[in-house]
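Observations on the three-dimensional arrangement
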Amino acid sequence: MRSQSLRTRRSLLDLNDLSGPELEYIFERTAAFEKKLPKRDMLSGIAVLNLFFEHSTRTITSFTLAEKRLGADVISLSPRDTSLAKGETIEDSAITLAAMGVNVIVVRHSEPGFPDRLALAFDGHVINAGDGPRAHPTQALLDIYTLREEFGSLKDRNIAIVGDIVHSRVAHSNIEGLKGLGAHITLVGPPRFLPDSFAGEGVRIERDLDKALPESDAIILLRIQRERFSDGPQSISDEEYVRDYRLDGQRLAKLKEQTIVLHPGPYNRGMELADDVLIYAGWRYAKQVRHGVYVRMALLDFLVNGNRRSR
Amino acid sequence: MRSQSLRTRRSLLDLNDLSGPELEYIFERTAAFEKKLPKRDMLSGIAVLNLFFEHSTRTITSFTLAEKRLGADVISLSPRDTSLAKGETIEDSAITLAAMGVNVIVVRHSEPGFPDRLALAFDGHVINAGDGPRAHPTQALLDIYTLREEFGSLKDRNIAIVGDIVHSRVAHSNIEGLKGLGAHITLVGPPRFLPDSFAGEGVRIERDLDKALPESDAIILLRIQRERFSDGPQSISDEEYVRDYRLDGQRLAKLKEQTIVLHPGPYNRGMELADDVLIYAGWRYAKQVRHGVYVRMALLDFLVNGNRRSR
Amino acid sequence: MRSQSLRTRRSLLDLNDLSGPELEYIFERTAAFEKKLPKRDMLSGIAVLNLFFEHSTRTITSFTLAEKRLGADVISLSPRDTSLAKGETIEDSAITLAAMGVNVIVVRHSEPGFPDRLALAFDGHVINAGDGPRAHPTQALLDIYTLREEFGSLKDRNIAIVGDIVHSRVAHSNIEGLKGLGAHITLVGPPRFLPDSFAGEGVRIERDLDKALPESDAIILLRIQRERFSDGPQSISDEEYVRDYRLDGQRLAKLKEQTIVLHPGPYNRGMELADDVLIYAGWRYAKQVRHGVYVRMALLDFLVNGNRRSR
């Protein structure tokens, strides 16, 4: 039994808000939606507010497409439009928005835990679209969906997550989700991006990318989030990073034949990957992006309408 | 007979653009919409442009929900998107937007009278969503609707408006509207926020909040609009304001049992109100916000489609 | 046969992406749409992204109205919302947006050729809504539509384009389009705005506006784009420009009776035109703006659905 069961049934703040069967249900619906778009009435009369305090192109576009395809009333406010910051607490804003008839808030904010604060006060559904370095659960959902499409079960699969782990909300949400599904996770990166404390049950640390490559079934590359850190004693130069951690043609040659490569985007050509990756047969980026819209449709339907099968 | 009758039938620039019977009609429709949402075709084929030159969350969200629920084509431009300011007059922009097929413009601007200038040139409907400190008629509409729901007639009811009157467009529109409906208005605040000149027929000034409390049927609290003034000789410190004018538990105890408290939002906890107010049985904030969407639906329908009863 | 036929059939980057018969088809559809709005399902299920890196009011409003009237799913991102610039190339963004299911991108950017780069990578339709001083083909489409409505054929008509030619994407696209339809083009302006190199087949240069006026069937005035140039040796003061090139009452009197005047907007009263022009019987600005929405509808339908007649 999870705590906060009422709230977690209504909102997605981090991936562990979803139970195993709930995850299964959402993935089934995703697959069904990919096969055939549903009628545009699943969210009819439902008002969805996209409240992005950080810039976004891909995530807000993906959510908006998902919302419109389900027939929701969509309102998008960007950071500079909002007057939220001026004297009013987010809790009071939540009360206001619920009173107004907003049913779902999709929120991105640089402050870890901001979506949780919103969800505690908001009488409706909150979806975390990224809170600083903490979590980005819909990205993890689409990553896991993409991996499962490839492998079926993730039990005992070796997944390497490479790069700037510590600043990556995607990594945090993925580690959580993949562990729960029985995958073996190898985190790869220099100490600056990957403190030893990240090791744990089902999660090991490997400093040498070249050792991790041959044994991996899937590799999730991460973007170096220069905007989230300052240089420190353990800092690593771009040149060192490229030399030790960039995935390029030489390193691709060390992979098993079926290994696939994922990236949450946006990717920096030349930094975490070389152009070779973009034409590698196992590069799954476009599939991830495509799945993202359908996963978000399935999630919205699940949060608002519940599990239709169980009714 | 009012002057500018043609224009005022088409636009809402200040509350006195609506006659008594028109107000009645809009409130009837509001109540009907709250009971049962209308079909989404009342504004079908109607293009509504939300043109907000000042930041807003609650007002633009409320208008957008109202517009979408009536089936309008909604376009929202925020201050930084627009190129209006560059060399072109607002009058010329109005000509352009009308030629394009925009039917309704909902406008917020820091300059008093800006919506009037727009309305004179625009061949369509203009709704003032706030012009600097001057007017905010849809907020007054929802405040009055909330008061009437509580009291039925407002004739001879005592309404206190407390705080930063001089910088408040909400106060200005409410004074106008409530006077017209026969309420007795007491304005409460220090000289810095409430010059003696505000007194007039049906409107008296009271410097001592504690005297005004026991005789009030309703209290409208206002936000201190620090952004609209600089410190002057009559300035009042936050500490003084809190001591003399903040509504808190002690002051709530002085109210009659049925007294209700309103606030246009966003409210500043600790400044014009203490947390006690938020759990006071007569606190009507959430109702105001809820009514706001339906009042705006009724207004849009009235401006575009006219009084359906009289046809 | 044109080169890049596949791409040009799918996108509109400059006016010469459209053949003569394609232009005819689009204009026929425009006229049909003006007579009777089509059902709102021509773009149903089609996702259109308005990606404006430069400020815009009129163009984005016009496109949005066109898109909504055809039933598209519309997403608009303004420059500050997007994270495109951060480390990701526009080519990679194009891949992402296509994978997501975006079908059409309407793009405005200050960099000439930016829409072309986008179109090369994007598996969908790109419409150039202005790329720096280079091209603005939908403005040219609506200008030409307006001229044809007036004159029928443009063969051997004398069209004067007056003002800041060199910085005007509208001028560039119009010159191209009008030449193709057999019009005689006279470019009028001082050397600073109109280098001698602009002369060519079907295009002559005239420095003296007063000489050009009596022989012109139509005059296209341009806005002085002060934001696009710095003062140089050939610079011209506002006073000189007004004296030599502003269209005012005295100059209007030199026109033939049927001469019409166009302007892409926004116009600067007092600079390129005096208030007299706004009440001149041949002033076609409002018609241009009105046609703009229908031309964009016809274009969107053509790009997405092709020539329905030929199927």
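Residues numbered from 1 in each chain as written. Chains lettered and ligands numbered in written order. Predicted model: local features only at pLDDT ≥ 70, side-chain atom pairs only at ≥ 80, totals over all residues. Heavy atoms only, no water.

**Considerations on the pattern of salt bridges**
Operational definition: Should a side-chain nitrogen of Lys or Arg be within 4 Å of a carboxyl oxygen of Asp or Glu, the pair is scored as a salt bridge. Relative accessibility decides the category of a residue: with a 1.4 Å probe and only protein chains considered, values under 20% of the type maximum give buried, values over 50% give exposed, and everything between is partly exposed. A helix here means a DSSP run of H or I that spans at least four residues, while a strand means a run of E at least two residues long, and both kinds are numbered starting from the N terminus.
One pass over the full model with this rule turns up 67 salt bridges over all chains. The partner of Arg117(B) in a salt bridge is Glu111(B), with the nearest N and O atoms 3.0 Å apart. The class of Arg117(B) is partly exposed, set by a relative accessible area of 31%. For Glu111(B), a relative accessible area of 31% corresponds to the partly exposed category. Across the pair Asp210(C) and Arg251(C) runs a salt bridge whose closest N-O atoms are separated by 3.0 Å. Residue Asp210(C) is found in helix H8 (residues 209-212), and its partner Arg251(C) is found in helix H10 (residues 249-252); the two are separated by 41 residues along the sequence. For Asp210(C), a relative accessible area of 23% translates into the label partly exposed. Overlapping salt bridges, with partners in common, bring together Glu91(A), Glu111(A) and Arg117(A) in one network.

**Quick word on the sheet that holds strand E3 (residues 104-109) of chain A**
Rule in force here: Should DSSP find at least two bridges between two strands, the strands are regarded as paired. All axes here are fitted lines through C-alpha atoms, helices being fitted over the stretch that makes contact, and every angle between N-to-C directions spans 0 to 180 degrees. Here, two residues are considered to be in contact whenever any of their heavy atoms come within 4.5 Å of each other.
The four strands lie next to each other as E2-E1-E3-E4 (chain A), forming an open sheet whose pairing is parallel. Because the sheet does not close on itself, it has two edges, and the strands there are strand E2 (73-77) and strand E4 (125-131) of chain A. This sheet shows a mean twist of 15 degrees between the axes of neighbouring strands, independent of strand direction. Against the sheet, helix H3 (residues 58-69) of chain B touches strand E1 (47-52) and E2 of chain A, its axis set at about 155 degrees to E2(A).

**Regarding the relation of the copies chain C and chain B**
Note the cut-off: Here the copies are superposed with least squares, the fitted atoms being C-alpha atoms of residues at a pLDDT of at least 70 in both.
Of the transformation placing chain C onto chain B, the axial shift is 0.0 Å and the rotation is 120 degrees, giving an RMSD of 0.0 Å. Look at the turn and shift together and you get a three-fold axis relating the two. Interface residue correspondence from chain C to chain B reaches only 4%, placing this contact among heterologous pairings that use different surfaces.

**Digging into the interface of chain C and chain B**
Selection rule: Values labelled buried area give the accessible surface lost by two parts on being combined, using a 1.4 Å probe and summing over both. Whenever two N or O atoms come within 3.5 Å, that pair is a polar contact, provided that in protein one can donate a hydrogen and the other can accept it, and provided that, for residues adjacent in sequence, both atoms are side-chain atoms. Residue polarity is assigned by list, with Asp, Glu, Lys and Arg as charged and Ala, Val, Leu, Ile, Met, Phe, Trp, Tyr, Cys and Pro as nonpolar; anything else, Gly included, falls into the polar class.
With 23 residues of chain C in contact, the opposing surface of chain B contributes 24 residues. Summing the contributions of chain C and of chain B, the shared interface buries around 2100 Å²; its carbon and sulfur component is 55%. At the junction of chain C with chain B, the criterion picks out two salt bridges. In this structure, Asp73(B) and Arg40(C) form a salt bridge, with 2.6 Å as the shortest nitrogen-oxygen distance. Where chain C packs against chain B, one counts six residue pairs in polar contact (both at pLDDT 80 or more). Mapped by element, the contributors of at least two residues to the side of chain C that touches chain B are helix H3 (58-69) and helix H12 (285-305) of chain C. With eight residues, H3(C) is the largest single contributor of residues to the side of chain C that touches chain B. Within the side of chain C that touches chain B, the residues separate by chemical class into eight nonpolar, eight polar and seven charged.

**Observations regarding the pairing of strand E3 (residues 104-109) of chain B**
All names here are of chain B. Let me state the cut-off plainly: For a crossover, the right-handed case is the one in which the path from the first strand over the helix to the second runs clockwise, viewed with the strands pointing away from the viewer.
Burial within E3 is extensive, with six of its six residues counted as buried. Burial along E3 is two-sided: Val104, Val106 and Arg108 facing one way and Ile105, Val107 and His109 facing the other are all buried. Pairing analysis gives five bridges linking E3 to strand E4 (residues 125-131), with the strands arranged parallel. By the bridge assignment for E4, Val106 is matched with Ile127. In terms of handedness, the path from E3 via helix H5 (residues 114-121) over to E4 forms a crossover that is right-handed.

**Side note on the relation of the copies chain C and chain A**
These two copies of the chain differ by a rotation about an axis and a displacement along the same axis. Screw-axis analysis of chain C against chain A gives a translation of 0.0 Å along the axis, an RMSD of 0.0 Å, and a rotation angle of 120 degrees. Little of the interface of chain C is mirrored in chain A, where only 4% of its interface residues again form contacts.

**Quick look at the sheet that holds strand E7 (residues 203-206) of chain C**
Residue and element names in this part refer to chain C. One open sheet holds the five strands; their spatial order is E7-E6-E5-E8-E9, and the pairing between them is parallel. Every interior strand has two partners, whereas the edge strands, E7 and strand E9 (260-262), have only one. Strand after strand, the sheet turns through a mean of 25 degrees between neighbouring axes, direction not considered. Where strand E8 (residues 218-221) lies against E9, three bridges are found, and the strand directions are parallel. Within E9, the residue paired with Ala218 across the bridge is Ile260.

**Some details on the domain arrangement of chain A**
Residues and elements named next belong to chain A. Test applied: Here the limits of each domain have been adopted from an automatic or database domain assignment.
The domains assigned to chain A are domain 1 (15-135 + 292-305) and domain 2 (137-280). Relative to domain 2, the C-alpha centre of domain 1 lies at a distance of 27 Å. Counting residues at the interface gives 25 residues for domain 1, matched by 22 residues for domain 2. Buried area between domain 1 and domain 2, summed over both chains or domains, comes out near 2000 Å², and the portion from carbon and sulfur atoms is 62%. It is Leu15, Phe27 and Pro133 in domain 1 that bury the most area against domain 2; as a group they hold 33% of the surface buried on that side. Between the two partners, domain 1 and domain 2, sit two salt bridges. Where domain 1 meets domain 2, there are nine residue pairs in polar contact (both at pLDDT 80 or more). Looking at the side of domain 1 that touches domain 2, the elements with two or more residues in it are helix H2 (20-35), helix H3 (58-69), E4 and helix H12 (285-305). Examining the composition of the side of domain 1 that touches domain 2, we find that six residues originate from one element, H2, more than from any other. Looking at side-chain class alone, the side of domain 1 that touches domain 2 contains eleven nonpolar, six polar and eight charged residues.

**Description of the packing of aromatic side chains**
This is how it is decided: Only Phe, Tyr and Trp rings are paired, with Trp represented by its six-membered ring, and only when their centres lie within 6.5 Å; those with planes under 30 degrees apart are stacked, over 60 edge-to-face, the remainder tilted. For a ring to carry a charge above it, either NZ of a lysine or CZ of an arginine must fall within 6 Å of the ring centroid while also lying within 35 degrees of the normal to the ring plane.
Counting across every chain of the model gives 24 aromatic pairs over all chains. On the numbers, 5.5 Å between centres and 70 degrees between planes, the contact of Phe53(A) with Phe114(A) is edge-to-face. One end of the pair, Phe53(A), is in the loop between E1 and H3; the other, Phe114(A), is in helix H5 (residues 114-121), with 61 residues separating them in the sequence. Measuring from ring centre to ring centre gives 5.6 Å for Phe27(B) and Tyr145(B), while their planes differ by 55 degrees; the resulting arrangement is tilted. Of the two residues, Phe27(B) sits in helix H2 (residues 20-35) while Tyr145(B) sits in helix H6 (residues 137-151), which places them 118 residues apart along the sequence. Taken together, the ring pairs in this structure connect Phe193(A), Tyr241(A) and Tyr245(A) into an aromatic cluster. A cation over a ring is seen here: Arg296(A) above Phe63(A), with NZ or CZ 4.7 Å from the ring centre.

**With respect to unusual backbone geometry**
The omega angle of the peptide bond from Gly265(B) to Pro266(B) is -10 degrees, so this bond is cis rather than trans. Examined against the element boundaries, Pro266(B) turns out to sit in the loop between strand E9 (260-262) and helix H11 (275-278). The phi dihedral of Asp156(A) falls on the positive side, at around 65 degrees, and the residue is not glycine. Structurally, Asp156(A) can be placed in the loop between helix H6 (137-151) and strand E5 (158-162).

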